[in-house]
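Spelled out, the chains give:
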Amino acid sequence: MLERLNQALDHLEASLDQEVDMVEVARIAAVSEYHFRRLFSALAGMPLPVYVRRRRMTLAAAEVLAGEGTLLDIAVRYGYGSGEAFARAFRSVHGIGPGEARRTGAVLTAQPRMSFRLVVEGSTAMRYRIVEKEPFRVVGRKARVPLVHEGLNAAAAAHLEGLDERAVVRMKELAGREPAGILSAVVYLTDSREEGAEADYWIGVVTGPEVAAEELDALDVPAGTWAVFDNHGPYPSALQELWRDVFTQWFPSNPYTSRTGPELLRTKPVELGAETGSQLWIPVERVGGGAGT
């Protein structure tokens, strides 16, 4: 898996002066484009499009400083249809425009070429099981929140605390399928998993697809395969570490890729740092076949 990821990055690097075919990059890595983007984000700590833009602007900056060719020629070579678009991208990475950089010889920002290498980890076993689920519905309340990788997510906590008692009572009445009880569900709006990216955050229960939501919100989820991880540790750091380990250790070591769908979490919120048990459900599919194979 590691070798294929680096082969995919080599192909991406060779394509920076043209439109990058992400489907082909993912094919070289032997995963779906969706999974490659998520895996890259988890391993690299930044979304794939951000890395591509930074690498392009690193190479472009060297040509700008060399003073060879016009700025428009450089812009076109790196896939920008106008000098204005190129200047915006250049400024977003380096903090100044290309014309100013060429005139002043300013200090610029370089994005090193990335590669993945093996670090000996995984000495702690990860407990998981694979579950096939029929279509179901998450019934509850949703809010749009930013992603937080460390510490308490204040927006998510405020959404939980803001639930009215009537809604909570109704959720408990409707609960009846695994995972049981009130849980949270996260639906990512883009491939980005960077800090601050937005997601739809649900507090609700799992019901049959035929259950009427009535005054609550409803999220319909198709049938599929789920990897279920049991976790125990200090809240919320143990959960955040579990999510990281799933994408940086479990996926590269197992014949599954992630697929589109909500990530489900059943846990009992406690005081910061207190121990609690949790269960994380990640939608997956087996490599080389669809869900349920």
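None of the values given here were measured: they were computed from a predicted structure.

**Q** A description of the pattern of salt bridges should follow, citing residues and the corresponding values.
**A** Counted by the stated rule, this structure contains 12 salt bridges. Between Asp10 and Arg113 there is a salt bridge, and its shortest N-O distance comes to 2.7 Å. Placement of Asp10 in helix 1 (residues 2-14) and of Arg113 in the loop between helix 7 (98-104) and strand 1 (128-133) is noted, with a sequence separation of 103 residues between them. When its relative accessible area of 42% is taken as the criterion, Asp10 is described as partly exposed. Residue Arg113 is classed as partly exposed on the basis of its relative accessible area of 46%. Glu13 is the salt-bridge partner of Arg55, the closest N and O atoms lying 2.3 Å from each other. With Arg55 in helix 4 (residues 48-66) and Glu13 in helix 1, this pair connects stretches of sequence that are 42 residues apart. In this pair, the class of Arg55 matches that of Glu13, namely buried. A network of salt bridges, in which partner residues are shared, links Arg170, Glu173 and Glu214.

**Q** Provide a residue-level description of the nonpolar core, including the pertinent values.
**A** Within the largest apolar cluster, 22 residues are counted, with the highest numbers of intra-cluster contacts made by Leu12, Met22, Val25, Phe36, Phe40 and Leu48. Mapped by element, the contributors of at least two residues to this core are helix 1, helix 2 (22-29), helix 3 (33-44) and helix 4. Counting residues per element, this core draws most heavily on helix 2, at 5 residues. If we ignore the near neighbours within four places in the chain, the residues touching Phe40 are Leu9, Gly45, Met46, Pro47, Leu48, Tyr51, Met114 and Phe116. Ranked by size, the runner-up nonpolar core spans 18 residues in total, among them Leu174, Ala197, Ile203 and Val211.

**Q** Go over the packing of aromatic side chains, please, and point to the residues and values.
**A** On inspection of all chains with the given rule, the structure shows 13 aromatic pairs. Judged by centre distance (5.1 Å) and plane angle (75°), the ring pair of Trp250 and Phe251 falls under edge-to-face. Residue classification places Trp250 among the buried positions, given a relative accessible area of 3%. Clustering of aromatic rings is evident, with ring pairs tying together Tyr128, Phe229, Trp243, Phe247, Trp250, Phe251 and Tyr256. When the ring centre of Phe136 is taken as reference, the NZ or CZ atom of Lys133 above it lies at 5.0 Å. Over the ring of Trp226 we find Arg259, and its NZ or CZ is 5.1 Å from the ring centre.

The rules we used
Residues numbered from 1 in each chain as written. Predicted model: local features only at pLDDT ≥ 70, side-chain atom pairs only at ≥ 80, totals over all residues. Heavy atoms only, no water. Salt bridge = Lys/Arg side-chain N within 4 Å of Asp/Glu carboxyl O. Helix = DSSP H or I, 4+ residues; strand = E, 2+ residues; numbered from the N terminus. Buried < 20%, exposed > 50% of the residue type's maximum accessible area, 1.4 Å probe, protein only. Core = buried A, V, L, I, M, F, W, Y, C linked by side-chain atoms within 4.5 Å. Contact = heavy atoms within 4.5 Å. Phe/Tyr/Trp six-rings, centres within 6.5 Å; stacked < 30°, edge-to-face > 60°. Lys NZ or Arg CZ within 6 Å of the ring centre and 35° of its normal.

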